[in-house]
Amino acid sequence: MSENSLAITKFSDLANPTRFLALVARVLPWMAGTTALLFALGLYLGFAAEGDYQQGETVRIMYVHVPAAWLSMMCYTVMAASAIGTLVWRHPLADVSAKTAAPLGAGFTLIALITGSLWGKPMWGTWWVWDARLTSVFVLFLMYLGLIALNRAMDDPSKAARVSAVLILVGFVNIPIIKFSVEWWNTLHQPASVVRLDGPTIDPEFLRPLLVMAVAFTVLFFTLHLAAMRNEILRRRVSAQRRLAARMAAREA
Amino acid sequence: MIALFLRDLKLSIRAGGGALIGVLFFMTIVAVIPFGVGPDLNLLARIGPAIVWIGALLSALLGLDRLFQAEREDGSLDLLLMHETPLVLTVAVKCLAHWVGTSLPLVIASPLLGLFMNMDETAIAAVMLTLIVGSPAITFIGAVGAAVAVVLPRGGLLVSILVLPLTVPVLIFGVSATYAAVQEPAPFMPPFLILVAITLFFAALGPAAAALALRNSAE
């Protein structure tokens, strides 16, 4: 296959797995390198920054906790976009994307929950409270696990993808409802302090490492996502080859 | 459509006694709670509305996996899919029949359980009212889960796992409306109206999503 045929000009060209794999092979090392650099920079800034006058050293947990929590939500958005791609355009890569994003999202959500719990113990004096933010993130975690279970339960990957796409979309409409319902219900977690209309209320001293870590986490997510998509494509190829081999063997016997 | 409604209703009441089992399960859950938390009547009166709501939620989920499963097994699901009336409408009618067959008996049984829980008359009336308004939302959300799980060999448990997180808002507003009716300062109408809004929202979204899932799983 010549170099020209691998050129990607349209989004739909990505539907060809070979092209996608070639693109991933070229992009992935760079993304992994960027991730490592950004993490090194972010962690350095995070540890070089002063501790908070009230929270002391524990404020550094924020540099892991907040980006992970952002990513847990962005990951669901990526899954919802892929679900639309599956249902509307029948884009073959959208199946793969939605399926492989679910474990990543569950992972980031788990990191956010665990670090939040570790942070809550010294600050609030308890590992867990049934507060709005914590509860809605926990529900999000359960939804990720349910989607993974649903995907595992079906043999046919394309049917599993289409059926779980419906559920992803229903869940996507429901996430804001869950979020606001628990927000009105009970609350202890602080409100948003970085993204707001009148500018961030957080000190620039803390904001700089936080933003670097947020970008690092985002690049990390896309690196892992691309790698997972590549693995899923290869896995499907292997299983297709195995099925073919089994059929050939049956014919010979 | 009316014929389909009556058919589903008759099936749920007669064959296998799905409705009766739901009510029995509801009563069992509520009866088990005092064994766990102790027979303190004041405590039971305080947590009573929440327990009745949770019991109703779980028993409503109990029968949901049969919503499309039986039709798939005897092949009439394919007939429904090929029928010329819109599938969304068919699904909505099936949901309504399921609600009348299984959730309405729960609502009717709830005052009795409220008495067990030592709740006063206002609380019992409020629980009934919120259950009548809120339980259709559970059925409509559950229809999506049932449609998704229709191709699975053992979908029953998975439906509950998938559907329960989505029903959190219904539970929150149902219970908070009930408490608002009992305790003085909190107004009753805002949470109640939000509950109505959630039900209407899922009445529109649920059948559409369920129809989409059914079409996709049938191919």
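Going along each chain's sequence as written, the residues are numbered from 1 onward. Chains and ligands are labelled sequentially in the order written, the chains with letters from A and the ligands with numbers from 1. Since the coordinates come from a predicted model, pLDDT governs what is reported: local features require at least 70, and pairs of side-chain atoms require 80 or more to be given and counted, while whole-chain, interface and lining totals use all residues.

Caption draft 1: Local environment of the overall build of chain B. Per the secondary structure count, chain B includes 10 helices and zero strands. Numbering of helices and strands runs from the N terminus; a helix is a DSSP stretch of H or I covering at least four residues, while a strand is a stretch of E covering at least two. The secondary structure elements of chain B, listed N-terminal to C-terminal, are α-α-α-α-α-α-α-α-α-α. Relative to the 2.2 N^0.38 estimate, which gives 17 Å for 219 residues, the radius of gyration of chain B is 18 Å and therefore close to what a compact globule would have. In terms of overall dimensions, chain B has C-alpha extents of about 55 × 35 × 30 Å along its principal axes. Restricting the calculation to C-alpha atoms gives the radius of gyration, and the globule rule supplies 2.2 Å times the number of residues raised to the power 0.38.

Caption draft 2: The arrangement of the interface of chain A and chain B in detail. In this description, any two residues whose backbone-derived C-beta atoms lie within 7 Å of each other are considered to be in contact. Counting from both sides, the interface comprises 22 residues of chain A and, opposite them, 20 residues of chain B. For the side of chain A that touches chain B, the secondary-structure elements that each account for two or more residues are α4 (132-153) and α5 (157-185) of chain A. With 14 residues, α5(A) is the largest single contributor of residues to the side of chain A that touches chain B. By the convention adopted, Pro, Cys, Tyr, Trp, Phe, Met, Ile, Leu, Val and Ala count as nonpolar, Lys, Arg, Asp and Glu as charged, and the other residues, Gly among them, as polar. Within the side of chain A that touches chain B, the residues separate by chemical class into 16 nonpolar, four polar and two charged.

Caption draft 3: Region of the structure containing the UniProt feature "transmembrane region" (unreviewed entry) in chain B. UniProt's entry tags residues 12-37, 43-64, 96-117, 123-150, 157-180 and 192-214 of chain B with the feature "transmembrane region" (unreviewed entry), counted in the numbering of this structure. When the span residues 96-117 of chain B is considered, its composition is 95% helix and 0% strand, and the gap between its end C-alpha atoms is 29 Å. UniProt positions are given in the numbering used here, feature names are shortened, and annotations may be inferred rather than shown by experiment.

Caption draft 4: Geometry of the packing of helix α7 (residues 121-148) of chain B against helix α9 (residues 168-182) of chain B. Residues and elements named next belong to chain B. The geometry of α7 relative to α9 is characterised by a closest axis approach of 9 Å and an angle of 160° between their N-to-C directions. Comparing their axes, α9 and α7 come out roughly antiparallel. Where α7 crosses over α9, the two elements pack in a sense that is right-handed. From α7, Thr122, Ala123, Ala126, Val127, Thr130, Gly134, Ala137 and Ile138 reach across to α9, where they touch Val170, Gly174, Ala177, Thr178, Ala181 and Val182. A breakdown of the residues in the contact of α7 with α9 according to their chemical character gives nine nonpolar, five polar and no charged. A fitted line through C-alpha atoms serves as each axis, taken over the contacting stretch for helices, and the angle formed by two N-to-C directions is quoted from 0 to 180°. Any angle that is under 35 degrees is reported as roughly parallel, and any over 145 degrees as roughly antiparallel; angles of 65 to 115 degrees are reported as roughly perpendicular and all others as oblique. Take the far helix as your reference; a near helix turned counterclockwise from it by less than a right angle gives a left-handed crossing, and one turned clockwise gives a right-handed crossing.

Caption draft 5: Layout of the confidence of the model for chain B. Residue and element names in this part refer to chain B. Predictor confidence is given residue by residue as pLDDT, running from a minimum of 0 to a maximum of 100. Model confidence for chain B is summarised by a mean pLDDT of 81, while 92% of its residues fall at 70 or above. Confidence scores differ between elements of chain B, with helix α1 (residues 2-13) showing the lowest mean pLDDT of 72 and α7 the highest of 86. The ipTM value of the predicted complex is 0.73, and its pTM value is 0.78.

Caption draft 6: Region of the structure containing helix α3 (residues 41-62) of chain B. Of all the bends in α3(B), the largest measures some 55° and sits at B:Ile47, one to four residues before the proline B:Pro49. All of the buried residues in α3(B) are B:Gly48, B:Pro49, B:Ile51, B:Val52, B:Trp53, B:Gly55, B:Ala56, B:Leu57, B:Ser59, B:Ala60 and B:Leu61. Each residue is assigned a bend, namely the angle between axes fitted to the seven residues that terminate at it and the seven residues that start at it. A residue is called partly exposed when the number of other C-beta atoms within 10 Å of its own lies between 12 and 20, exposed at 12 or fewer, and buried at 20 or more, with C-beta atoms placed from the backbone.

Caption draft 7: The packing of α3(B) against helix α6 (residues 87-116) of chain B, seen in detail. Residue and element names in this part refer to chain B. Following both chains from N to C, one finds α3 and α6 inclined at 155°, their axes separated by 10 Å at the closest point. On the basis of their axis angle, the class for α3 and α6 is roughly antiparallel. Remark: the crossing between α3 and α6 carries right-handed chirality. Between α3 and α6, the residues in contact are Gly48, Val52, Ala56, Ser59 and Ala60 and Thr102, Ser103, Leu106, Ser110, Leu113 and Gly114, respectively. Classifying every residue of the contact of α3 with α6 by side-chain character gives five nonpolar, six polar and no charged.

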